[in-house]
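Coordinates in review
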Amino acid sequence: MATLAFGDARLPGRFWDKAIVEYDGGCWNWMGYIAPNGYGRMHLDGRMTMAHRVAFEGLVSVVPDGLQIDHLCRNRSCVNPEHMEIVSQKTNLLRGVSFSAVNA
């Protein structure tokens, strides 16, 4: 993946107003609404959507049906597409730290 720039004009300014750079890890932390599950959310086109998905699809590519975005940095509030990878649900679950993943 090519290096992406924080503040890229392909995403609206109101997106960037709610993100900050974490300099030690490179995460772009979402400072807007954070759902109870830890993922950032925002309104887009009249509906609530995941902030990391807005970033990934706006700066990299569309996520194909049946696949998910895995946060490689393990920071659910991160919206830096360089920290994400498109994977199957099974792969995403197995990479996690849940009871099921640890015992798989």
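To be clear, the structure that these remarks concern was listed above.
Residues numbered from 1 in each chain as written. Predicted model: local features only at pLDDT ≥ 70, side-chain atom pairs only at ≥ 80, totals over all residues. Heavy atoms only, no water.

Overview of the nonpolar core
L11, F15, W16, W28, W30, L59 and V79 are the most contacted members of the largest nonpolar core, which totals 13 residues. Elements supplying a minimum of two residues to this core: α1 (13–16), β2 (28–30) and α2 (51–59). Looking at which element gives the most residues to this core, the answer is α2, with four residues. The contact partners of L11, leaving out residues within four places of it in the chain, are W16, V54, A55, G58 and L59. (Core = buried A, V, L, I, M, F, W, Y, C linked by side-chain atoms within 4.5 Å. Buried < 20%, exposed > 50% of the residue type's maximum accessible area, 1.4 Å probe, protein only. Helix = DSSP H or I, 4+ residues; strand = E, 2+ residues; numbered from the N terminus. Contact = heavy atoms within 4.5 Å.)

A closer look at the pattern of salt bridges
Per the counting criterion, the structure on display carries five salt bridges. Linking D70 and R95 is a salt bridge whose minimum nitrogen-to-oxygen distance equals 2.8 Å. Of this pair, D70 sits in strand β5 (residues 67–71) while R95 sits in the loop between α3 (89–94) and α4 (99–102), placing them 25 residues apart in sequence. Several salt bridges converge on common partners, so that one network encompasses D70, R74, E85 and R95. (Salt bridge = Lys/Arg side-chain N within 4 Å of Asp/Glu carboxyl O.)

Topic: the layout of surface pockets
Reported here for the largest pocket is a volume of approximately 460 Å³. Together, 16 residues line the largest pocket, and Y39, I69, D70, R76 and N92 are the ones closest to its centre. Counting only elements with at least two residues in the lining of the largest pocket, the list comes to α2, β5 and α3. In terms of residue count, the dominant contributor to the lining of the largest pocket is β5 (five residues). Considering only residue class, the lining of the largest pocket consists of six nonpolar, six polar and four charged. (1 Å grid on protein atoms, 1.4 Å probe; cavity = no way out; pocket = protein on both sides within 12 Å on 5 of 7 lines; lining within 4 Å. Points joined across faces, edges and corners; volume = space filled by probe spheres on them. Nonpolar A, V, L, I, M, F, W, Y, C, P; charged D, E, K, R; others polar.)

Quick look at the side chain of S77
Structurally, the position occupied by S77 is in the loop between β5 and β6 (84–88). In this structure S77 comes out as buried when scored by relative accessible area, which is 17%. A distance of 2.9 Å separates a polar atom in the side chain of S77 from a polar atom in the side chain of N75. In this view, S77 contacts W28, N29, W30, I34 and G38; residues no more than four positions away in its chain are not counted. (Polar contact = N/O pair within 3.5 Å; in protein donor to acceptor, adjacent residues only side chain to side chain.)

None of this, on its own, says anything about what the molecule does.
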